[in-house]
Amino acid sequence: MKLYNTLTKKKEEFKPIEEGKVRMYVCGPTVYNYIHIGNARPMIMFDTVRRYFEYKGYNVNYVSNFTDVDDKIIKKAVEEGVPTTVITERYINAVKEDMKNLNVKPATKHPLATQEIDGMIEMIQNLIDKGYAYEKNGSVYFRTRDFNGYGKLSKKNIDDLEAGARIAVSDEKEDPMDFVLWKPKKDGEPYWESPWSQGRPGWHIECSVMSKKYLGDQIDIHAGGEDLIFPHHENEIAQSEAANGKEFTKYWLHNGFLNIDNKKMSKSEGNFFTVREVGAEYPYEVLRFFMLNVHYRSPINFSRELMESAKNALERIKNSVSNLAHLSENAPERELTAEEKTFLDSIASLKDKFEAAMDDDFNTADAIAAIFEMVKAANSKLSADSAKQLLDETKKYIVTLTDVLGVNVDVKEELLDADIDQLIKDRQDARKNRDFKKADEIRDLLLDKGIILEDTREGVRWKRA
């Protein structure tokens, strides 16, 4: 398996720190509002990376944080006249709901910045003790120039960098390039006690502390959007390697930007969409499928035309799977013919093609192309005369591989209450007529549709699983 490492600017063979295990950290959102579709891209993509590692047999420890202390959160709380915790709890719950709708698996751990303050104070003190950081008027800053190799991720030369929009300028700093680790409170802000002041941590320190606590001093993969390369991830490297005295992350993965109708997404342009706004117009699974149709390192353009295309493409896969299931119901149970065995071998080779694409820096676009080749072959070659085994195994290949991408195409039609009541009546009639085979078939059909029956003295009760 090869990964494109932002640190080295080349594809590298993946070799985990610990055999069979992957330690992976993905920067999560700052929780002051509903997440937008740009936030959704790394969530979907790196969830797919995780799923593929698990498909390959790895045990993945996947950590993704919530930044729940930040200027934007404080501003939102002031505007609403509520404590910051009201804002953060509301939007953490909203993020988790959006993730569930997008079929993004919960992380092994979702740490909150406000619950890790002690660890941040400890690491900051460690950096001060080692001479990498200094205190000034209650603030603590990292001496960027004292860390040999600053700029190695972003490929920026520290001498060429100037204090500007992304770098806070302060007369307190020894050098304009130094960045804040701790800052004193302002009136009305939440704060914590520290050796330097009542205040709160800078943004960058939280990820260094949380990855260390939950994954160790060294991790296999650190991922996020390419907008985080500088200064956030660059500063994480400086803090972590200065504090721990060893390489922080082996492989850095970054997804490309998302544009709206070929323009940068921004509220001022009126082309800003939350996940929920898109979800009100399209099924969430279509948004996920759309995101995966482009290689994660490439920029992606969002438009309704492209979403419609993704919707139709996903429907073709679902229809094929549904057709295979329908054909299988009455298909002959016999051994495969030589021709059918050859067909199944060709489907297996397409599975290999899928894996080869994913092994090549998680090329989901080519992986999806392999799935569509399966669908095309199934639609043109299989029929009611095909062996049941052939239909079932072909369907299993398609379902398994789309599941690796986090897309569910094996959709069971939900029965209406009236249909369920009628089937229960048919089952009761069959039992009265001592046709237990038919009664069992109806029970199994209902169970397959997620309907659980319970025989009571008052009659048969049912519930959806």
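Residues numbered from 1 in each chain as written. Predicted model: local features only at pLDDT ≥ 70, side-chain atom pairs only at ≥ 80, totals over all residues. Heavy atoms only, no water.

**Student:** Help me get a handle on the overall build of the protein, residues and values and all.
**Tutor:** What the protein contains, in helices and strands, is 14 helices and 15 strands. By its C-alpha atoms, the protein is 90 × 55 × 45 Å across when sized along the principal axes. Burial statistics for the protein: of 465 residues in total, 49% are counted as buried. Contacts spanning at least 24 positions in sequence make up 76% of the contacts within the protein whose residues lie at least 6 apart. Carbon and sulfur atoms form 46% of the exposed surface of the protein, whose accessible area is close to 22900 Å². Considering the protein, the positive charge centre built from 69 side chains and the negative charge centre built from 81 side chains are found 2 Å apart. (Helix = DSSP H or I, 4+ residues; strand = E, 2+ residues; numbered from the N terminus. Buried < 20%, exposed > 50% of the residue type's maximum accessible area, 1.4 Å probe, protein only. Contact = heavy atoms within 4.5 Å. Areas by Shrake-Rupley, 256 points an atom, 1.4 Å probe, with all protein chains shown as cover. Lys, Arg positive; Asp, Glu negative; His and termini not counted. Charge placed at Lys NZ, Arg CZ, Asp CG, Glu CD.)

**Student:** A description of the packing of aromatic side chains should follow, citing residues and the corresponding values.
**Tutor:** The final tally for this structure, using the stated rule, is 16 aromatic pairs. Between Tyr34 and Tyr91, the ring centres sit 5.2 Å apart and the planes meet at 85°, which makes this aromatic pair edge-to-face. With Tyr34 in the loop between β3 (21-26) and α1 (37-55) and Tyr91 in helix α3 (residues 84-101), the pair connects residues that are 57 residues apart, well separated along the chain. Using a relative accessible area of 35% as the deciding quantity, one classes Tyr34 as partly exposed. Note on Phe290 and Phe302: the rings are 5.7 Å apart at their centroids and 90° apart in plane angle, and the pair reads as edge-to-face. (Phe/Tyr/Trp six-rings, centres within 6.5 Å; stacked < 30°, edge-to-face > 60°.)

**Student:** Give a description of the sheet that holds β3 that names residues and reports values.
**Tutor:** Pairing between sheet strands relies on hydrogen bonds along the backbone, with the strands arranged either parallel or antiparallel. Pairing in this open sheet of four strands is parallel, and the strands run β4-β3-β9-β10 from one edge to the other. Strand pairing shows two members of the sheet lacking a second neighbour, β4 (59-64) and β10 (249-255), which therefore form its edges. Direction aside, neighbouring strands of the sheet carry axes that sit 20° apart on average. Pairing analysis gives six bridges linking β3 to β4, with the strands arranged parallel. Directly across from Arg23, in β4, lies its bridge partner Asn61. Contacts from α1 reach β3, β4, β9 (219-225) and β10, with the element oriented near 165° to β4. (Pairing = 2+ DSSP bridges. Axes fitted to C-alpha atoms, helices over the stretch in contact; angles between N-to-C directions.)

**Student:** I'd like a description of unusual backbone geometry, backed by residues and values.
**Tutor:** Pro231 follows Phe230 through a cis peptide bond whose omega is 5°. Along the chain, the position of Pro231 falls in helix α6 (residues 229-244). For Lys9, which is not glycine, the phi dihedral falls at a positive 60°. Mapped onto the elements, Lys9 comes out in the loop between β1 (2-5) and β2 (10-13).

**Student:** How would you explain the side chain of Asp47 if you had to name every residue and give the values?
**Tutor:** Relative to the elements of secondary structure, Asp47 occurs in helix α1. We classify Asp47 as buried; its relative accessible area is 1%. When residues no more than four places from it in sequence are discounted, the contact partners of Asp47 are Pro42, Tyr62, Asn103, Val104, Lys105 and Arg288.

**Student:** Account for the sheet that holds strand β11 (residues 258-260), with residues named and values stated.
**Tutor:** If you walk across this open sheet you meet the three strands as β12-β11-β13, and the pairing is mixed. Either end of the sheet is taken by a strand with one partner, and the two such strands are β12 (263-264) and β13 (300-302). Relative to β13, β11 runs parallel, the two sharing three bridges. Residue pairing in the sheet places Asn259 in a bridge with Asn301 of β13.

**Student:** So what's going on with the environment of Arg304? Which residues, and what values?
**Tutor:** Looking at where Arg304 falls in the secondary structure, it is placed in helix α9 (residues 304-329). When the C-alpha atoms of Arg304 and Phe230 are compared, they prove to be 32 Å apart, with 74 residues separating the residues in sequence. Here Arg304 is in contact with Phe273, Glu281 and Tyr282, once residues within four sequence places are set aside.

**Student:** Describe empty space enclosed by the protein, with residues and values.
**Tutor:** Taken as a whole, this structure holds one cavity of 30 Å³ or more when the rule is applied. Size it by volume and the largest cavity reaches roughly 30 Å³. Breaking the lining of the largest cavity down by element, the ones donating at least two residues are α1 and α8 (284-292). Looking at the lining of the largest cavity, the element that brings in the most residues is α1, giving three residues. (1 Å grid on protein atoms, 1.4 Å probe; cavity = no way out; pocket = protein on both sides within 12 Å on 5 of 7 lines; lining within 4 Å. Points joined across faces, edges and corners; volume = space filled by probe spheres on them.)

**Student:** Would you mind going over the nonpolar core in detail, with residue names and values included?
**Tutor:** One recurring pattern in soluble globular proteins: nonpolar side chains tend to sit buried together. Of all hydrophobic cores here, the largest spans 92 residues; its most connected members are Ile37, Phe46, Ile221, Leu287, Phe302, Phe354 and Phe362. Apart from residues no more than four positions distant in its own chain, Ile37 is found in contact with Leu258, Ile260, Met265, Phe273, Thr274, Val275, Val278, Leu287, Met291 and Phe302. (Core = buried A, V, L, I, M, F, W, Y, C linked by side-chain atoms within 4.5 Å.)

**Student:** For the pattern of salt bridges, give the residues involved together with the corresponding values.
**Tutor:** A full pass over the atoms with the stated rule returns 36 salt bridges. As a salt-bridge pair, Lys105 and Glu54 come within 2.6 Å of each other at their nearest N and O atoms. Of this pair, Lys105 sits in the loop between α3 and α4 (117-129) while Glu54 sits in helix α1, placing them 51 residues apart in sequence. Among the residues examined, Lys105 registers a relative accessible area of 27% and is labelled partly exposed. Taking relative accessible area as the criterion, Glu54 reaches 27% and is therefore assigned partly exposed. Residue Glu97 pairs with Arg276 through a salt bridge whose shortest N-O separation is 3.3 Å. In this pair, Glu97 sits in helix α3 while Arg276 sits in helix α7 (residues 275-279), placing the two residues 179 residues apart along the sequence. Using a relative accessible area of 25% as the deciding quantity, one classes Arg276 as partly exposed. (Salt bridge = Lys/Arg side-chain N within 4 Å of Asp/Glu carboxyl O.)

**Student:** Could you give me a rundown of the layout of surface pockets, with the residues and numbers involved?
**Tutor:** If you add up the space inside the second largest pocket, you get close to 600 Å³. Taken together, 20 residues line the second largest pocket, and the ones lying closest to its centre are Ala325, His326, Glu329, Asp410 and Lys449. At the level of secondary structure, the elements contributing two or more residues to the lining of the second largest pocket comprise α9, α12 (388-404) and α14 (436-448). Here the element with the most residues in the lining of the second largest pocket is α9; it accounts for nine residues. For the lining of the second largest pocket, a count of residues per class yields six nonpolar, four polar and 10 charged. (Nonpolar A, V, L, I, M, F, W, Y, C, P; charged D, E, K, R; others polar.)

Keep in mind these numbers describe shape, not what the thing actually does.
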